[in-house]
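# Results of the structural survey
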Amino acid sequence: FVSAETAQAVMDALPSPAWRLAFALARWGGLRVPSEVTALTWGDVSWERGRFTVTAVKTAKHAGKGSRVAPIFPELAGPFREAFEAAEVGAVFCCPQYPVGTANQHYRAVILRALARAGVEPWPKLFVNLRATRASELVECFPAHVAAAWLGHSPEIARRHYLMVTEGHFARASGAAQKAAQQEREMPEMVCSGYEGESGKPALQGITSGCKDLHNNVVEPRGFEPLTC
């Protein structure tokens, strides 16, 4: 799991706005690197609607899966705007381009250099785990089918290959356990003081102390309602 703090440190060490956008798309957009990142054009970005269209080379062989629409998440808005303002007039592609078949090695080399500059230890599966990190985040906030549609896979694929148990899950679980234990400690103690009355029910002390027993009260034949005549 690549935390937001780690990702930001890498972003700060990258050499240009286009590279920062490429990394942001992998980490906060969940795009596949390099195929989906390098295919993204400025024509694919709808600023007014707050979304962009991803050309999905990997899934294009399946009917209707050649592209998908994803939101411009808040974490992507700044990198998108910065890269657009820095782009040359007439630029078509959003991210750095390389000859066919060499993009993966170039992207990997640049990201590894940024990791070294940031003092961050490279994590396994450099690009896959950026996508897996985002998949794990999104299912915490959105229905599984929505998160899967934005990332271009099925909920089952996400479950089998991407979703992770994070430190945040452990922190939340231990916090909930501590809260439950605290509540249990603060509950008033209830002590049985023996059996009273014909009902044979135990008399409890604690939260019931000071309560008046109404079980033996008899209702008058006229009932509870006040007399009207």
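### A short note on the overall build of the chain
Looking only at helices and strands, one finds 9 helices and 5 strands in the chain. The secondary structure elements of the chain, listed N-terminal to C-terminal, are α-α-α-β-β-β-α-α-α-α-α-α-β-β. Looking at the chain as a whole, 34% of its 229 residues are labelled buried. Long-range contacts, defined here as pairs at least 24 residues apart, represent 58% of the contacts in the chain between residues at least 6 apart. For the chain, the exposed surface amounts to about 14600 Å²; the carbon and sulfur share of it is 56%.

### So, unusual backbone geometry
Here the residue pair Val33 and Pro34 is connected by a cis peptide bond, since its omega of 5° sits within 30 degrees of zero. Along the polypeptide, Pro34 turns up in the loop between α2 (17-27) and α3 (35-39). Of note in this structure, Lys125 is not a glycine but carries a positive phi near 50°. Judged by its relative accessible area of 61%, Lys125 is exposed.

### Things to note about the pairing of strand β2 (residues 51-55)
Residues Phe52 and Val54 line the buried face of β2, whereas the alternating positions Arg51, Thr53 and Thr55 sit on a face that is not buried. Bridging between strand β1 (residues 45-46) and β2 involves 2 bridges; their strand directions are antiparallel. Looking across to β2, one finds that Val45 is bridged to Phe52. Taken together, β1 and the strand that follows it, β2, pair antiparallel across an intervening segment of 4 residues, in which Gly50 is found at a positive phi of about 65°. Examined bridge by bridge, β2 and strand β3 (residues 67-71) share 5 bridges and lie antiparallel to one another. Paired with Phe52 across the strands is Ala70, a residue of β3.

### A few points about the packing of α2 against helix α4 (residues 74-86)
To describe two helices that pack against each other, one gives the angle between their axes and the distance between the axes. One way to put it is that α2 packs onto α4 with a least axis distance of 8 Å and a crossing angle of 150°. Considered as vectors, α2 and α4 are oriented roughly antiparallel to each other. Considering the relative orientation of α2 and α4, their crossing is left-handed. The residues of α4 that touch α2, namely those facing Pro17, Ala18, Arg20, Leu21, Ala24 and Leu25, are Leu76, Pro79, Phe80, Glu82, Ala83 and Ala86. The residue inventory of the contact of α2 with α4, partitioned by class, reads 10 nonpolar, no polar and 2 charged.

Criteria and cut-off values
Residues numbered from 1 in each chain as written. Predicted model: local features only at pLDDT ≥ 70, side-chain atom pairs only at ≥ 80, totals over all residues. Heavy atoms only, no water. Helix = DSSP H or I, 4+ residues; strand = E, 2+ residues; numbered from the N terminus. Buried < 20%, exposed > 50% of the residue type's maximum accessible area, 1.4 Å probe, protein only. Contact = heavy atoms within 4.5 Å. Areas by Shrake-Rupley, 256 points an atom, 1.4 Å probe, with all protein chains shown as cover. Pairing = 2+ DSSP bridges. Axes fitted to C-alpha atoms, helices over the stretch in contact; angles between N-to-C directions. Parallel < 35°, antiparallel > 145°, perpendicular 65-115°, else oblique. Left-handed = near helix turned anticlockwise from the far one by under 90°. Nonpolar A, V, L, I, M, F, W, Y, C, P; charged D, E, K, R; others polar.

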